[in-house]
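Structure assessment
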Amino acid sequence: ASADQRPQQAAVTGRQAARRQAGIIRQFFILSARNLKIMVQDKFGLALMLALAPMIGLMDFIWGSDLFDAQDGDATKIITMLFMAGLISILVGAMASVREIVKEVDIYKRERAINLKLGSYIFSKIWVGVTLSLYQAVVLLLFLFVFVLRTSPLNILDYGLLLTTMFLGTLSGYLMGLCISAAAPNQNVALLLVIVVLVPQFLFAGALLPLELIPGGQIISAVASTRWAFEAMVNISGIGKDIVADPCWQYVDREDKLPSDISQEQKEASGCKCMGVQMFDQCYFPGIRNPEFYTAESRTALAKPRPVEPLKPTAYPTLTPYPTFTPIPTPSDQRQLQQYQDDREQQGKEYEKKRLDQGKAYEKQRVDQGDEYAADMKRYGDDRERWQRDREKAISAAENNIKAIVDNYGHTFKGSVVTRWIGMSAIMFVVFIAIIIFQKRKDVV
């Protein structure tokens with residue numbers, strides 16, 4: 001082409017590209033309108049699709065409304081509830097779309113042979129999926145709020161994060177359903193493939209069994225949307241917020257220690273709020289004041305100061321002997337000499353008896369003092385043992401309860417929600433590419 005013809009050719013090419021783009025957009029709106037018309041005409045199917053989320057949401061009453069309470073709450077149940085919420089979101093999304101493509105495969109092939117654009121067709125399905133996913137996420141979260149979350153410490157922002165997570169989870173399930181529908185040769189196979197796809201989502205979420213206990217669990221679970229939805233919702237719930245920020249739990253996690261390896265004095269000096277005596281008043285964790293171990297006796301012991309050890313008694317001063325007796329004057333009359341000697345001997349005996357009695361009295365005082373100190377020490381030992389036992393009953397039970405949760409699900413308390421959203425988005429992108437590939441194959445099959 002000459003230099004004069006090139007601008008004309010470029011203009012023609014640009015107009016053709018614009019017409020193709022306009023055609024794709026026009027097809028998208030036409031197909032979307034047709035999909036909506038078909039959905040409205042199938043009143044029973046539409047009603048069932050819209051009723052699916054409310055019917056499942058009604059089941060949330062089984063969890064009770066006090067899961068987040070410090071006394072009657074249960075962190076394990078919260079984790080199970082959030083896992084089920086994430087799983088149900090994906091399940092509802094998948095069931096809503098698993099027949100969307102495979103049911104009209106003949107129509108697709110006929111229209112594709114004429115002028116149907118693949119992008120227009122797929123995006124017309126996804127647009128419906130986005131709308132349905134938002135509706136289902138709102139409904140599921142609404143029932144979750146009514147039955148469970150209304151007594152939780154979550155704020156408006158947290159509910160927004162939960163809604164976004166449930167929306168992404170439902171949309172992820174919807175795209176999985178579309179992918180199955182695009183890959184399956186007929187509707188019966190599509191329904192069976194849903195089970196094949198969703199069972200790994202159930203097993204590799206990290207809720208039923210910690211990922212560390214599953215061979216290759218960390219790697220395999222990376223492609224499970226349920227893992228990212230579950231971890232995001234546990235993170236949003238805030239049940240592990242105080243635990244993650246606690247220096248004592250950081251030490252236990254880093255050094256692979258036990259809470260009992262840290263003394264109460266060390267816990268207090270380190271400013272630990274979720275370990276030791278202070279955790280019952282300063283730490284938020286569901287069920288931390290469970291009446292099974294946080295009994296009236298434990299509360300009394302926790303409120304009482306440590307029994308004071310009796311002071312060791314001061315020994316009595318060394319015995320001061322009686323002063324030496326004054327001798328009897330020697331008689332001048334020799335006839336009284338025998339009597340004098342007898343009187344001197346008697347005087348000596350009396351003095352010796354007084355000394356002996358004084359020693360016995362002194363020894364008795366020392367023995368009595370020792371016996372009294374021994375009795376005080378025994379009472380102190382009994383009081384301290386009882387005080388320690390009642391305190392440890394509450395402290396160790398609460399710490400062990402938290403330790404079990406941290407060992408299995410502590411990784412969900414850390415990190416950011418956005419990271420989990422990125423994980424779900426990456427999976428959805430891969431599934432979207434798979435939908436295009438599977439659907440493209442129908443052009444030649």
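Not measured: the values here are computed from a predicted model.

Cut-offs applied
- Residue numbers restart at each chain and count upward from 1, following the sequence in its written direction.
- Local features in this predicted model are restricted to residues of pLDDT 70 or higher, and side-chain atom pairs are both shown and tallied only at a pLDDT of 80 or more, whereas totals for entire chains, interfaces and linings draw on every residue.
- Derived side-chain values reflect all non-hydrogen atoms in the structure, with water molecules and hydrogen atoms excluded from consideration.
- The disulfide definition used here is simple: a pair of cysteine sulfur atoms within 2.5 Å.
- Numbering of helices and strands runs from the N terminus; a helix is a DSSP stretch of H or I covering at least four residues, while a strand is a stretch of E covering at least two.
- Residues grouped as a nonpolar core are buried Ala, Val, Leu, Ile, Met, Phe, Trp, Tyr and Cys residues, joined through side-chain atoms within 4.5 Å.
- Relative accessibility thresholds used throughout: buried, under 20% of the residue-type maximum; exposed, over 50%; partly exposed, between the two (1.4 Å probe, protein chains only).
- Residues count as neighbours in contact if any of their non-hydrogen atoms are within 4.5 Å of one another.
- A carboxyl oxygen of Asp or Glu within 4 Å of a side-chain nitrogen of Lys or Arg is what we treat as a salt bridge.
- pLDDT gives the predictor's per-residue confidence on a scale running from 0 to 100.
- Note on patches: the residues involved have over 30% relative accessible area and no salt bridge, like charges join within 9 Å, and the nonpolar side chains Val, Leu, Ile, Met, Phe, Trp and Tyr join within 5 Å.
- To measure how exposed things are, a 1.4 Å probe is used in the Shrake-Rupley method; for residues, cover is taken only from the protein chains shown.

We now examine the state of the cysteines. According to the stated counting rule, one finds two disulfides in the structure shown. Covalently, Cys-248 is tied to Cys-272 through a disulfide, its sulfur atoms 1.9 Å apart. In this structure the cystine formed by Cys-248 and Cys-272 twists about its S-S bond by roughly 80°; its chirality is therefore right-handed. Placement of Cys-248 in helix α11 (residues 247–255) and of Cys-272 in the loop between α12 (264–269) and α13 (279–282) is noted, with a sequence separation of 24 residues between them.

Moving on, we come to the nonpolar core. By size, the foremost hydrophobic cluster in this structure holds 90 residues, and its most contacted members are Met-81, Leu-149 and Phe-280. The dominant element in this core, judged by the number of residues it contributes, is helix α5 (residues 118–147), at twelve residues. The contacts of Leu-149, once residues within four sequence positions are left out, are Phe-68, Met-81, Leu-141, Leu-144, Leu-154, Tyr-159 and Leu-162. In this structure, Ile-180, Ala-184, Val-194 and Leu-198 belong to the second largest nonpolar core, which totals nine residues.

Across all of its chains, the model carries eleven salt bridges by this definition. For Glu-100, the salt bridge is made with Lys-103, and the minimal N-O distance between the two is 3.5 Å. Among the residues examined, Lys-103 registers a relative accessible area of 38% and is labelled partly exposed. We note a salt bridge from Asp-407 to Lys-403, for which the minimum N-O separation is 3.0 Å. A residue pair is termed a helical-turn pair when its members lie 3 or 4 positions apart in one helix, as Asp-407 and Lys-403 do in helix α15 (residues 337–413) at four residues. For Lys-403, a relative accessible area of 14% corresponds to the buried category. By sharing partners, the salt bridges in this structure join Glu-100, Lys-103, Glu-104 and Lys-125 into a single network.

Let us now look at the confidence of the model for the protein. Per-residue confidence for the protein gives a mean pLDDT of 83, with 90% of residues at or over 70. Averaged over each element, pLDDT in the protein is lowest for helix α1 (residues 5–41) (59) and highest for helix α9 (residues 225–237) (94).

The grouping of Leu-192, Ile-195, Val-199, Phe-202, Leu-203, Leu-208, Leu-209 and Leu-213 at the surface amounts to a nonpolar patch, some 730 Å² of accessible area in total. Topologically, Ile-195 is positioned in helix α7 (residues 187–203).

Among the secondary structure elements, Ser-172 is positioned in helix α6 (residues 156–183). In contact with Ser-172, other than residues within four places in its own chain, are Ser-225 and Met-428.

Glancing now at unusual backbone geometry. Although it is not a glycine, Asp-256 adopts a positive phi angle of roughly 55°. Along the chain, Asp-256 turns up in the loop between α11 and α12.

Turning next to the environment of Ala-51. Residue position: Ala-51 is located in helix α2 (residues 43–57). Looking at Ala-51, the relative accessible area reads 27%, which means it is partly exposed. Here the alpha-carbon distance between Ala-51 and Gln-136, two residues 85 residues apart in the chain, equals 9.3 Å.

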